[in-house]
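# A look at the structure
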Amino acid sequence: VLVRILWIFVFLTNIWVDLTPVLAWFGIAWIAVAFALQNILTDLFSSFSIILSKPFIVGDYIKIWEWSSEKIWTVKQISLKSTTIQTVQWQNVIIPNSNILATEVINYRTMKSRRQRISIWVTYDTWIKKLKIIPEIIKDIVSKQKDVEYERCYLEKMWDFSINFLMSYNILIPDYETSLKINEKIYLELIEKFEKEWIEFAFPSQTIYVKE
């Protein structure tokens, strides 16, 4: 096609036809087409980058930082222009590939384990001997769980309304649903143990003493 167009131009030039307006029109048309194809070509090259480098594949759980730093979405389809992801409410969201590569993406497929860091708040009227055994209570509960690696538990800080303990452990199975079940079991056992020891959880509050 290009060779035939070139021959036509040569022929018209040889018969003394002025091609300046035609060439000017082609230049303007080319600029318009280039602007129109800019986003499409950007998404196309971005899709090649995703397919070749494989930062994520279909079925991966990813977190797209720019749009939702707190939500984890499932990759359903990767096309030449966009990527389709599914929310936890089973809604499909279509995002241009260029937008995905322009921001941070966290892929949870490569996770070997899930680290949990949880603050436990107890009230100030908790006896000192109870405060001393809280790390041992938490260690005993976490250590006996299957596929869980206990790390530490310390008294972290003293806030206006609570005494805070920081507990940390690793769930050796990275599956999200499995981690939810393990966390739930730990929480329930912790609540049950605190009830037996008469240890109360704290919540944001303020007590005012009025002297008559």
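Okay, so let's go over this structure.

## Here's the deal with the sheet that holds strand β3 (residues 82–86)
- If you trace the 5 strands from one edge of the open sheet to the other, you get β4-β3-β2-β1-β5, paired in antiparallel fashion. Each edge of the open sheet is held by one strand with a lone partner, namely β4 (92–96) and β5 (105–107). Geometrically, the sheet is characterised by an average inter-axis angle of 40° between neighbouring strands, direction not taken into account.
- When strand β1 (residues 61–64) meets β5, the two strands line up antiparallel, connected through 3 bridges. If you follow K63 over to β5, its bridge partner there is I106.

## Section: the nonpolar core
- Core analysis: the largest hydrophobic core is formed by 21 residues, its most contacted members being I120, V122 and M167.
- Mapped onto this core, the elements with two or more residues apiece are β6 (114–122), α4 (128–143), β7 (148–158), β8 (163–171) and α5 (176–197).
- If one sorts the elements of this core by residue count, α4 sits on top with 6 residues.
- If near-sequence neighbours (up to four positions away) are discounted, M167 is found in contact with Q116, R117, I118, I120, I138, V142, R152, C153 and I186.
- By size, the runner-up hydrophobic cluster in this structure holds 9 residues, among which are I62, I64, V75 and I95.

## Some remarks on the pairing of β3
- With 5 of its 5 residues buried, β3 lies for the most part within the structure.
- Of the two faces of β3, the one carrying S82, T84 and Q86 and the one carrying T83 and I85 are both buried.
- In this structure, strand β2 (residues 73–78) lies alongside β3, joined through 4 bridges in antiparallel fashion. Residue pairing in the sheet places I78 in a bridge with T83 of β3.
- In textbook terms, the turn of a hairpin is the stretch between consecutive antiparallel strands, and for β2 and β3 this stretch comprises 3 residues.

## Topic: the packing of aromatic side chains
- Inspection of every chain in the model, using the stated rule, returns 4 aromatic pairs.
- Taking the centre distance of 5.9 Å and the plane angle of 65° together, the rings of W159 and F161 count as edge-to-face.
- Seen in terms of ring centroids, F194 and F201 are 4.9 Å apart; in terms of plane orientation they differ by 25°. Their pairing is stacked.
- A relative accessible area of 34% means that F201 is categorised as partly exposed.
- Through a chain of ring-to-ring contacts, three or more aromatic side chains come together here, namely W121, W159 and F161.

## Digging into the pattern of salt bridges
- Summed over all chains, the structure comprises 7 salt bridges.
- Measuring nitrogen to oxygen at the nearest pair gives 3.0 Å for the salt bridge that ties E151 to R115. With a gap of 36 residues between them, E151 in strand β7 and R115 in strand β6 connect regions that are remote in the sequence.
- Of the charged contacts in the structure, one is a salt bridge between E197 and K193, with a shortest N-O distance of 3.9 Å. Residue E197 and its partner K193 are both found in helix α5; the two are separated by 4 residues, about one turn of the helix.
- The exposure class assigned to E197 is buried, which follows from its relative accessible area of 18%.
- Overall, K193 belongs to the partly exposed group, its relative accessible area being 32%.
- Via salt bridges that share partners, R115, E151 and R152 belong to a single interconnected network.

## Observations regarding the environment of P96
- Its location among the elements puts P96 in strand β4.
- In sequence terms P96 and D43 are 53 residues apart; their C-alpha atoms lie 6.4 Å from each other.
- Here P96 is in contact with D43, K81 and S82, once residues within four sequence places are set aside.

Rules and cut-offs
Residues numbered from 1 in each chain as written. Predicted model: local features only at pLDDT ≥ 70, side-chain atom pairs only at ≥ 80, totals over all residues. Heavy atoms only, no water. Pairing = 2+ DSSP bridges. Helix = DSSP H or I, 4+ residues; strand = E, 2+ residues; numbered from the N terminus. Axes fitted to C-alpha atoms, helices over the stretch in contact; angles between N-to-C directions. Core = buried A, V, L, I, M, F, W, Y, C linked by side-chain atoms within 4.5 Å. Buried < 20%, exposed > 50% of the residue type's maximum accessible area, 1.4 Å probe, protein only. Contact = heavy atoms within 4.5 Å. Phe/Tyr/Trp six-rings, centres within 6.5 Å; stacked < 30°, edge-to-face > 60°. Salt bridge = Lys/Arg side-chain N within 4 Å of Asp/Glu carboxyl O.

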